[in-house]
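# A closer look at the structure
Each chain, written out:
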Amino acid sequence: SRIRESSVNSATLDDIETSAFLVVLDDSSPTSLTDVGNCFMMGDGSNRNFDKTYSLIVCANGEVGTNIEHAPCDATIWARIWEYCLHHECYTEDGELPKSEKELRRLPGVIKLPWELSGFKEEIAAAKQENLAFFATVDNGVKRMQFGKGAMKKLRVSPDGFTQMVIQLAYYRLHQRFTMTYESASTRMFHHGRTETIRPLSMASVEFCKTMDDPDVRRELVASSLRKAIKVQTDRKLDAVAGLGVDRHLIGLYAVSMQGGSTPPELFRDPGWSSLKFD
C-alpha cells in the first residue's frame, strides 16, 4: 500500500503486525452495559486496529474488555484466556494487589512508534468519518436479565437451546416469518478443527413459535413443544461437534464445483441451496 512507501511507516506497521496483541488505552469512560459494549466493539473510529487478532482495551474509568478478529482462531480460545485471567485475579481487602515474594520481571520501556503522515491526513480524517457513519448503523443493546442459565437448568433444558428458541420466537414476532439461522459449533476435538454450523431453525422450532402465541393452545402443550424444539437443536449441536454436520462439507463441495468456471451441479443451483448459503 501507499503508506508503506515510507520506510518509517513500514517499520512501524511491521512492529504492530508482528506483536502478540495490542493494548488500547481509551480516553472514554463508558458506564452503561450498552455503552461498554459499543466501546469494546467499535470505539470512536480512531484507536482500533480491527485487523489485529487480539486487542486489550482499558478505559479511563477502569472498564476493561477485548476486541477480537477471529480469523486465526475461534473466539472460544480468547474466552478461555479471559476466564483464566479472571479466575486468577486476586486483591487484598483494601483492593490492592498482593505483594509477591517473587522478583518482578522488568519489561523494556515504552517506545513511541513514529509515523510519516504527510499526504495522508485528509484520507485518515475521511476514513474516520466513514467508520463513524458505519458504526451509527449498528443497533446494539446490552441488558442484564433476571432470568439466566440457572433458571433454565432448573427447568432441565439446555440454556443454549433455550436461548436459540428465544431468538427464533423474537424473529417470528417481529417479521411473522422464519429464516435460516446460523449458530457456531466448535470442532476443536479434531486436528485443525475450527467450526461447524448448527441450524436452530427446524420444523419443531416453527411449531413452538406458532403454539407459543396461540391463545387456544394449552400452556403444557407449549412447554412440550419448546422441549421438543430444544432437543432437536441439541441433537444437531452434538452432531456438529462430532463432525457430523453438513454445512462445511457442502460449502467445500460448492467451492470445488466453482473452480474453472464450470457449471455447478444441480444441487448448487437449487433455490434451497441459495437460502441455506446466504440466509
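Our structure's up above, just so we're on the same page.
Reference entry: report on the structure contained in this document. (Residues numbered from 1 in each chain as written. Predicted model: local features only at pLDDT ≥ 70, side-chain atom pairs only at ≥ 80, totals over all residues. Heavy atoms only, no water.)

Summed over all chains, the structure comprises nine aromatic pairs. Ring centres of phenylalanine 50 and phenylalanine 135 lie 6.4 Å apart, and the angle between their planes is 75 degrees; this geometry places the pair in the edge-to-face category. Here the residue phenylalanine 50 occupies a position in the loop between helix 2 (33–41) and strand 2 (54–59), and phenylalanine 135 occupies one in helix 4 (residues 121–135), the gap between them amounting to 85 residues. On the basis of relative accessibility, which here comes to 32%, the residue phenylalanine 50 falls in the partly exposed class. Using a relative accessible area of 11% as the deciding quantity, one classes phenylalanine 135 as buried. Ring geometry for tyrosine 172 against phenylalanine 178: centres 4.7 Å apart, planes inclined by 5 degrees, an arrangement best described as stacked. By relative accessible area, tyrosine 172 is classed as buried at 14%. (Phe/Tyr/Trp six-rings, centres within 6.5 Å; stacked < 30°, edge-to-face > 60°. Helix = DSSP H or I, 4+ residues; strand = E, 2+ residues; numbered from the N terminus. Buried < 20%, exposed > 50% of the residue type's maximum accessible area, 1.4 Å probe, protein only.)

The grouping of Phe21, Val23 and Leu25 at the surface amounts to a nonpolar patch, some 320 Å² of accessible area in total. You can see valine 23 is positioned in strand 1 (residues 22–26). (Patch = residues over 30% accessible without salt bridge, like charges linked within 9 Å, V, L, I, M, F, W, Y side chains within 5 Å. Areas by Shrake-Rupley, 256 points an atom, 1.4 Å probe, with all protein chains shown as cover. Salt bridge = Lys/Arg side-chain N within 4 Å of Asp/Glu carboxyl O.)

With that settled, consider the nonpolar core. Ranked by internal contacts, the top residues of the largest apolar core, which has 14 residues, are Phe162, Met165, Phe208, Leu226 and Ile230. For this core, the secondary structure elements donating two or more residues are helix 6 (159–175), helix 7 (203–212) and helix 8 (219–241). Once you skip the residues sitting within four places of it in the chain, phenylalanine 208 turns out to touch Met165, Leu169, Val222, Ser225, Leu226 and Ala229. In terms of nonpolar packing, the next biggest core, distinct from the first, is built from six residues, Val24, Val36, Cys39 and Phe40 among them. (Core = buried A, V, L, I, M, F, W, Y, C linked by side-chain atoms within 4.5 Å. Contact = heavy atoms within 4.5 Å.)

Turning our eyes to something else, we now look at the environment of leucine 267. By secondary structure assignment, the location of leucine 267 is in the loop between helix 9 (247–257) and helix 10 (271–278). By relative accessible area, leucine 267 is classed as partly exposed at 48%. Considering only alpha carbons, one finds leucine 267 and valine 142, 125 residues apart in sequence, at a separation of 41 Å. Excluding anything up to four places from it in sequence, leucine 267 contacts Leu250 and Trp273.

Where strand 1 meets strand 2, five bridges bridge the pair, whose relative direction is parallel. If you follow leucine 22 over to strand 2, its bridge partner there is serine 55. The parallel pair strand 1 and strand 2, bridged by helix 2, forms a crossover whose chirality is right-handed. Where strand 2 lies against strand 3 (residues 64–68), five bridges are found, and the strand directions are antiparallel. Among the inter-strand pairings, leucine 56 is bridged to a residue of strand 3, identified as threonine 66. Where strand 2 folds back on strand 3, the antiparallel hairpin that results is connected by four residues, among which glycine 62 adopts a positive phi of roughly 95 degrees. (Pairing = 2+ DSSP bridges. Right-handed = clockwise from strand over helix to strand, strands pointing away.)

As enumerated under the stated definition, the model contains ten salt bridges in all. In this structure, aspartate 213 and arginine 173 form a salt bridge, with 2.7 Å as the shortest nitrogen-oxygen distance. Highlighted residues: aspartate 213 in the loop between helix 7 and helix 8 and arginine 173 in helix 6, separated in sequence by 40 residues. Here aspartate 235 and lysine 231 are joined by a salt bridge, their closest N and O atoms 2.8 Å apart. Residue aspartate 235 and its partner lysine 231 are both found in helix 8; the two are separated by four residues, about one turn of the helix. Under the relative-accessibility criterion, lysine 231 is labelled exposed at 52%. The structure contains a network of salt bridges with shared partners spanning Arg4, Asp14 and Glu17.

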